[in-house]
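An overview of the molecular structure
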Amino acid sequence: MKPGYGRPLDIRHGRIDMSHGGGGRAMAQLIEQLFMAELDNPYLAQGSDGALLPEVAGRLVVATDSHVVSPLFFPGGDIGCLAVHGTLNDVAMMGARPLYLTAAFILEEGFPLSDLQRIVSSMARASRETGVPVVAGDTKVVERGKGDGVFISTTGVGVVAEGVTLSGHTARPGDKILLSGTIGDHGMAILSQREGLSFDAPIVSDTAALHELVATMLGTGAQIRVLRDPTRGGLATALNEIASQSGVGMLLEEAAIPVSAAVSAACEFLGLDPLYVANEGKLIAICAAGHADRLLDAMRAHPLGQAAAIIGEVVEDDHAFVQMKTRLGGYRMVDWLAGEQLPRIC
Amino acid sequence: MKFVDEFRDGQLAQAIAAHIAREARPERRYRLMEFCGGHTHAISRYGLADLLPTNVRMIHGPGCPVCVLPIGRIDQAIHLAREQGVILCTYGDAMRIPASGGASLLRARTQGANVRMVYSIEDALKIARDHPQQEVVFLAIGFETTTPPTAAAILQAAAEGLDNFSILCNHVLTPAAMHAILAAEGGVSLDGFVGPAHVSTVIGSQPYEVFAKDYRKPVVIAGFEPLDVMQAILMLIRQVNEGRAAVENEFTRAVTKVGNPKAQALVDAVFEPRDVFEWRGLGILPRSALKLRTQYAAFDAELKFGVGYQAVPDHKGCECAAILRGEKHPQDCKIFGTACTPDTPVGACMVSSEGACAAHYSYGRFRTSRGGEAA
Ligand code: SF4
């Protein structure tokens, strides 16, 4: 039996108030008329404290990620689809097929319901497109001034096929380093929006779910040792993590690293290095040298890997330095990021 | 906005490098100082040292605004934020400069002081407008490039009657620093300067004539693109080989002899030279920095809050001073890369990406950690 709410939720003009997190009727109404209406699936519809899921065969992967991006809506996406893609990608980088997601929302008092609906609907669209349902959720409300509109934490569960073992510890000297496309698009889309920069062609976030690209790559049978999505801290940070986990060095070729003209110009203007700027729809693959070309062809044949490139190789180095041959022919290090990180990028 | 890669063409760089290799005489050394942190950064980021023969050495100069600020100046800013309760606005880099007793503006912020990172003085003006009940102080730093915007902001604040706004003025002058380096007894021996680009668009090339005439040092003004730097190095080598000392301009795109008279007039209307100013590394130099003219004294945070300047010696192990004078390399410092890293800077040269230590740490340390030739 449905509780009687009196009036339906006024999504057009309504705003979040403390009662939406209070556990009472207002909260039940918000969940039913906004969240459930958008994210509808049989697991969520169970309406219990947790979702009971069918048996799964294989090793499980769990990943969790919080999203605090500002602005909430940016060219190419919003916090809703970002919260789906970000966590799915973490699951996918383990070589897993993502199965389920959960989502927890922290809402600020006064947040417009219309914006919330846009976000949840974008999340639902991303969930449908990727075939991964949001099976459980939670909402909390904090007083005005204690949040920034909305924060979303998502957790993803996936299953890894037999024989697939990916780990940041297994890169070996001689391996090739592949990148699935241009770098810096997400971070610069956010930043140019924040800084009010405009370009001939607007910079659009690359936010996307990578699990199908990963499945394609794994399907080639190429010996892939590491997959990683270079999000916060960008390509440079992800490569340094892998280098130090595997105890190897890396040698990159600057000219081979794809960067769009607009991102390059925006970075120049703001004094940033695209190597350190966040991505939300790109991956790095480290693979045995002999299989690199085959893997590259498969990546390029996939819509999310059209601009894929081999950007360097793993070398022996006790210091685990990532080095790069610059466009000018000199060499430099590509170090860990130091100092003020660009805040609130994802 | 224009795509910048046209300036970074690898083949052109190789062609200039080939000229340099041909023209640099093997029997002599060429010791060239790049004055600006912007050049230091370009040299390190593009690995330009690898394109030069071993007898052509680049020596980092003091042209990094964050690096030349002595501890006492940061102490003043921290004092204002902590004790006087002002909203202290500053650029990101300045927040991490180590001050007395392990303090920094960043640390003061974590302890509750109201320190805000801004991208420009405009942002600070806006904060002052938005918080009329609170005092807002902008930590103004930089060479001649950043001075005109500060001057414009002061005029703007005066016009608006924004009396809760003031600046801690640390604007410094390039020629004074070059003088100090050349005049130092037993200082670094140099064969020429790569001169600043952006600074020179404001002050012009004229102020460098004295270095060519009196000190017989060639100066080539160069842009910050790596090819600009390579071209300037080639031009300096040619001058040295020909026994000439002249001010030449590689950066013809923007620099003229007289600079930008409008910007100069703006600065002159608002600022006047300080009698003396203490620089990190270079010591106390006469007429080497600016302060607000008396008619704008109301916007001078030093006067407004009565914060006097107290000189404070550098950290014991830190070699920043000698590095800023071009006398030592970052790797000569005993705590480089151990106690002092970009994450835990002990000296100012490790803070800004334009600082010699930070540039060497972030881009070049793979050379020296193998015992190879330093960049
Ligand atoms: S390494 Fe650190 S302490 Fe040493 S000179 Fe450089 S900045 Fe100063």
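Remember, it's a predicted structure, so these values are computed and weren't measured experimentally.

This next bit is on the overall build of chain B. Assigned secondary structure in chain B consists of 15 helices and 13 strands. The C-alpha atoms of chain B give 21 Å as radius of gyration, which agrees with the globular expectation for 375 residues (21 Å, within 12%). When its C-alpha atoms are laid out on the principal axes, chain B stretches across 65 × 45 × 45 Å. Evaluated residue by residue, chain B yields a buried proportion of 57% over its 375 residues.

Below, the discussion takes up the interface of chain B and chain A. Interface size, as often reported, equals the accessible area lost upon joining of the parts. Across the boundary between the two partners, chain B contributes 34 residues, which contact 26 residues of chain A. Of the roughly 2600 Å² buried where chain B meets chain A, counting both sides, 55% is carbon and sulfur surface. Linking chain B to chain A there are two salt bridges. For Asp 273 of chain A, the salt bridge identified is with Arg 45 of chain B, shortest N-O distance 3.9 Å. Run the count over chain B and chain A and you get six residue pairs in polar contact (both at pLDDT 80 or more). For the side of chain B that touches chain A, the secondary structure elements donating two or more residues are helix 1 (10–23), helix 2 (37–45), helix 5 (105–110), helix 11 (226–242) and helix 15 (356–368) of chain B. In terms of residue class, the side of chain B that touches chain A is built from 16 nonpolar, six polar and 12 charged.

Glancing now at the packing of helix 1 of chain B against helix 11 of chain B. Residues and elements named next belong to chain B. Packing of helix 1 against helix 11 brings their axes to within 10 Å, and their N-to-C directions diverge by 15 degrees. Compared by their axis directions, helix 1 and helix 11 come out roughly parallel. For the pair helix 1 and helix 11, the sense of crossing is left-handed. Along its contact with helix 1, which presents Leu 12, Ala 13, Ile 16, Ala 17, His 19, Ile 20 and Glu 23, the element helix 11 presents Leu 227, Met 230, Gln 231, Ile 233, Leu 234, Ile 237, Arg 238 and Asn 241. Residues of the contact of helix 1 with helix 11, tallied by class, amount to 10 nonpolar, three polar and two charged.

Another aspect to go through is helix 11 of chain B. Side chains three or four residues apart in an α-helix point the same way, a direct result of the helix having 3.6 residues per turn. Spanning 17 residues, helix 11 of chain B covers 25 Å between terminal C-alpha atoms, matching the ideal 24 Å at 1.5 Å per step. Summarising burial for helix 11 of chain B: 14 of the 17 residues are buried, a large majority.

Residue and element names in this part refer to chain A. The domains assigned to chain A are domain 1 (18–160) and domain 2 (176–333). Between domain 1 and domain 2, the C-alpha centre-to-centre distance is 28 Å. On the side of domain 2, 20 residues touch domain 1, which itself brings 20 residues to the contact. Taking both sides of the interface into account, the surface hidden between domain 1 and domain 2 amounts to around 1600 Å²; carbon and sulfur atoms contribute 63%. Three residues stand out in domain 1 for area buried against domain 2, namely Pro 75, Asn 89 and Met 93, and they jointly supply 36% of the buried area on that side.

Residue and element names in this part refer to chain B. Across the sheet, which stays open at both edges, the four strands sit in the order 4-3-5-6 with parallel pairing between neighbours. If you trace the sheet from one side to the other, it starts and ends with strand 4 (115–117) and strand 6 (165–171), each paired once. Each strand axis lies, on average, 25 degrees off the axis of its neighbour in the sheet, ignoring direction. As paired strands, strand 3 (residues 87–90) and strand 4 are joined by three bridges and run parallel to one another. Considered in strand 4, the bridge of Thr 90 is made with Met 117. Each of strand 5 (136–142) and strand 6 touches helix 7 (residues 147–160); the most contacted strand, strand 6, lies at about 160 degrees to it.

Residues and elements named next belong to chain B. Counted under the stated rule, the structure contains seven aromatic pairs over all chains. For the pair Phe 35 and Phe 143, a centre-to-centre distance of 5.8 Å together with 80 degrees between the ring planes defines the contact as edge-to-face. Pair noted here: Phe 35 is in strand 1 (residues 30–36) and Phe 143 is in the loop between strand 5 and helix 7, with a separation of 108 residues, a long-range link. There is no split in this pair, since Phe 35 and Phe 143 are both buried. Here the aromatic rings of Tyr 91 and Phe 138 are separated by 5.6 Å at their centres, their planes lie at 85 degrees, and the arrangement is edge-to-face. In this pair, Tyr 91 sits in the loop between strand 3 and helix 5 while Phe 138 sits in strand 5, placing the two residues 47 residues apart along the sequence. The class for Phe 138 is buried, based on a relative accessible area of 1%. Looking at Arg 28, its charged tip hangs above the ring of Tyr 30, at a distance of 4.9 Å from the centre. Here the basic side chain of Arg 365 rests over the ring of Tyr 361, its NZ or CZ set 3.9 Å away from the ring centre.

Enumeration over the complete set of coordinates arrives at 25 salt bridges over all chains. With its nearest N and O atoms 3.2 Å apart, the salt bridge here joins Arg 228 of chain A to Glu 241 of chain A. Residue Arg 228 of chain A is located in strand 8 (residues 224–228), and its partner Glu 241 of chain A is located in helix 7 (residues 234–246); the two are separated by 13 residues in the primary sequence. Residue Glu 319 of chain B is joined to Lys 328 of chain B by a salt bridge in which the shortest nitrogen-to-oxygen separation is 3.2 Å. Within the structure, one salt-bridge network assembled from shared partners comprises Asp 185, Asp 206 and Lys 282 of chain A.

Moving on: the site of the ligand. Of all residues adjacent to the ligand, which total 13 residues, the nearest are Cys 318, Cys 320, Cys 333, Cys 340 and Cys 357 of chain B. The class makeup of the residues in the shell around the ligand is 11 nonpolar, one polar and one charged.

The next thing to look at is the sheet that holds strand 5 (residues 134–142) of chain A. All names here are of chain A. Here we have four strands laid out as an open sheet, ordered 1-6-4-5, and mixed in their pairing. With one partner strand each, in any of the chains shown, strand 1 (59–67) and strand 5 form the two edges of the open sheet. Strand-to-strand twist across the sheet, computed as the mean angle between neighbouring axes with direction ignored, equals 15 degrees. Summarising the sheet, strand 1 and strand 6 (residues 150–160) pair through nine bridges and their orientation is antiparallel.

What follows covers the side chain of Gln 29 of chain A. When you line up the elements, Gln 29 of chain A lands in helix 1 (residues 25–39). What Gln 29 of chain A contacts, discounting residues up to four positions off in sequence, is Tyr 5, Arg 7, Pro 8, Leu 9 and Leu 34 of chain A.

Turning next to the state of the cysteines. All names here are of chain B. Considering all chains together, one arrives at one disulfide over all chains under this definition. Across a sulfur-sulfur distance of 2.3 Å, Cys 64 and Cys 67 are joined as a disulfide pair. Taking the torsion about the sulfur-sulfur bond, which here is approximately 70 degrees, the covalent link between Cys 64 and Cys 67 counts as right-handed. For Cys 64, a relative accessible area of 2% translates into the label buried.

Analysis parameters
Residues numbered from 1 in each chain as written. Chains lettered and ligands numbered in written order. Predicted model: local features only at pLDDT ≥ 70, side-chain atom pairs only at ≥ 80, totals over all residues. Heavy atoms only, no water. Helix = DSSP H or I, 4+ residues; strand = E, 2+ residues; numbered from the N terminus. Rg over C-alpha atoms; globule rule 2.2 N^0.38 Å. Buried < 20%, exposed > 50% of the residue type's maximum accessible area, 1.4 Å probe, protein only. Contact = heavy atoms within 4.5 Å. Buried area = accessible area lost by both parts, 1.4 Å probe. Salt bridge = Lys/Arg side-chain N within 4 Å of Asp/Glu carboxyl O. Polar contact = N/O pair within 3.5 Å; in protein donor to acceptor, adjacent residues only side chain to side chain. Nonpolar A, V, L, I, M, F, W, Y, C, P; charged D, E, K, R; others polar. Axes fitted to C-alpha atoms, helices over the stretch in contact; angles between N-to-C directions. Parallel < 35°, antiparallel > 145°, perpendicular 65-115°, else oblique. Left-handed = near helix turned anticlockwise from the far one by under 90°. Expected span 1.5 Å × (residues − 1). Domains from an automatic or database assignment. Pairing = 2+ DSSP bridges. Phe/Tyr/Trp six-rings, centres within 6.5 Å; stacked < 30°, edge-to-face > 60°. Lys NZ or Arg CZ within 6 Å of the ring centre and 35° of its normal. Near = heavy atom within 4 Å. Disulfide = S-S within 2.5 Å.

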